Amino acid sequence: MTEDRLQDAAALAWLIAVGADEAIADEPIDRFRTLSRQDRSIVPARLIPAGASPPVEPTPDVPPTDLQVPAQIQPLGTPQAAATARELAAGANTLDELKDAIARFDGLTLKATATNLVFADGNPKARLMLIGEAPGAEEDRRGLPFVGASGQLLDRMLAAIGHDRTSCYITNIVNWRPPGNRKPSPAEMTLCLPFIERHIALINPALIVLLGDTAAKTLTNRNEGITRLRGKWFTWPKPDSTDAIPVLPTFHPAYLLRSPGQKREAWADLLAVKRKLAELELQPKVLSNLVSPQDGE
Ligand code: URA
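Figured I'd write up the structure that's included with this text.

Cut-offs applied
Residues numbered from 1 in each chain as written. Predicted model: local features only at pLDDT ≥ 70, side-chain atom pairs only at ≥ 80, totals over all residues. Heavy atoms only, no water. Near = heavy atom within 4 Å. Polar contact = N/O pair within 3.5 Å; in protein donor to acceptor, adjacent residues only side chain to side chain. Areas by Shrake-Rupley, 256 points an atom, 1.4 Å probe, with all protein chains shown as cover. 1 Å grid on protein atoms, 1.4 Å probe; cavity = no way out; pocket = protein on both sides within 12 Å on 5 of 7 lines; lining within 4 Å. Sits in = over half its atoms within 2 Å of the grid points. Nonpolar A, V, L, I, M, F, W, Y, C, P; charged D, E, K, R; others polar. Points joined across faces, edges and corners; volume = space filled by probe spheres on them. Helix = DSSP H or I, 4+ residues; strand = E, 2+ residues; numbered from the N terminus. Phe/Tyr/Trp six-rings, centres within 6.5 Å; stacked < 30°, edge-to-face > 60°. Buried < 20%, exposed > 50% of the residue type's maximum accessible area, 1.4 Å probe, protein only. Lys NZ or Arg CZ within 6 Å of the ring centre and 35° of its normal.

## Here we look at the site of the ligand
With respect to spatial proximity, the complete set of residues near the ligand consists of Gly132, Glu133, Ala134, Pro135, Glu139, Pro145, Phe146, Ser150, Asn172 and His252. Residue Glu133 places a main-chain N or O atom 2.8 Å away from an oxygen atom belonging to the ligand. A distance of 2.8 Å is found between an oxygen atom of the ligand and a side-chain nitrogen or oxygen belonging to His252. Summarising the interface, the protein chains cover 92% of the accessible area of the ligand, which totals 240 Å² for the free molecule. At a threshold of 2 Å from the grid points, most atoms of the ligand map onto the largest pocket. Residues that form the shell around the ligand fall into these classes: 4 nonpolar, 4 polar and 2 charged.

## Remarks on empty space enclosed by the protein
A complete count under the given rule lists 2 cavities of 30 Å³ or more for this structure. Its volume calculated, the largest cavity comes out at about 80 Å³. Considering the residues around the largest cavity, the lining is formed by Leu128, Leu130, Leu154, Met157, Leu158, Ile161, Val209, Leu211, Thr250, Asp269, Leu270 and Val273. Of all the secondary-structure elements, those providing two or more residues to the lining of the largest cavity are β2 (128-132), α7 (149-160), β4 (207-211) and α12 (263-291). A class-by-class count of the residues in the lining of the largest cavity yields 10 nonpolar, 1 polar and 1 charged. Counted as a void, the second largest cavity has a volume near 30 Å³.

## With respect to the packing of aromatic side chains
As enumerated under the stated definition, the model contains 2 aromatic pairs in all. Centre to centre, the rings of Phe251 and Tyr255 are 5.0 Å apart; their planes meet at 45°, and the pair counts as tilted. A relative accessible area of 1% places Phe251 in the buried class. The positively charged end of Lys276 is found above the aromatic ring belonging to Trp233, 4.8 Å away from the centroid.

What follows is the structure in structure tokens.
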């Protein structure tokens, strides 16, 4: 490879590493064309392409049009965005309405860089709900959660305790892919909270499994990392009820792919899920056996 090609490849690798791996417009923007004379004086001459057109002097108040951020990727101010998210989530009475509310919410810049909204997969009537962090590249392409490499491991983990996507419901806290698969920021997580809270309320599962550090910390509201949180039971209060849903954090399948030595702990968590589901299934029957048939006689 020539020196130029090596430099291009290094620049490309750097862009991908910092998350700039998505085209957000149909055409590339030639930033050199829009540099003012003053800007040009601080750009090393070798970076200005030989054939670049003469510098355009921007008028003081109006930035050049191709430097303007498209309206759809301007985030709302955070307090306003948070209020809008809460309002949209609260107004959703069905899963379709919730999906539509998330699609309409413009307060999250991730929406502008993602390809598809990744809402959920599986059976909405399932007793088991699994919640991950955010979609990756394959999920973004297909509009479904956990369909990439970590999703395939998740499917095998579920199969090991007798489940598949017809007997569980899978979603993420963040429904749009963060560019470059970076972790969603705390501000992004906060904006998504009303939607995942409403999602849990609409599914009303018997048990929730939180996959990985981000989902575990966010939904248990704890600061410890996943290594400390995994395998411990928490509860999720049901709205308008004194009941609570048991919640178990466990390792994210993507982490297990990188650290297969931790599969033993994950297996213990899966068995705990299986036991708890069986206990919960039994509970109403035990109670109804206690009150009948003698009580009716
Ligand atoms: N990781 C997640 O947390 N969610 C997905 O959907 C895929 C990968």
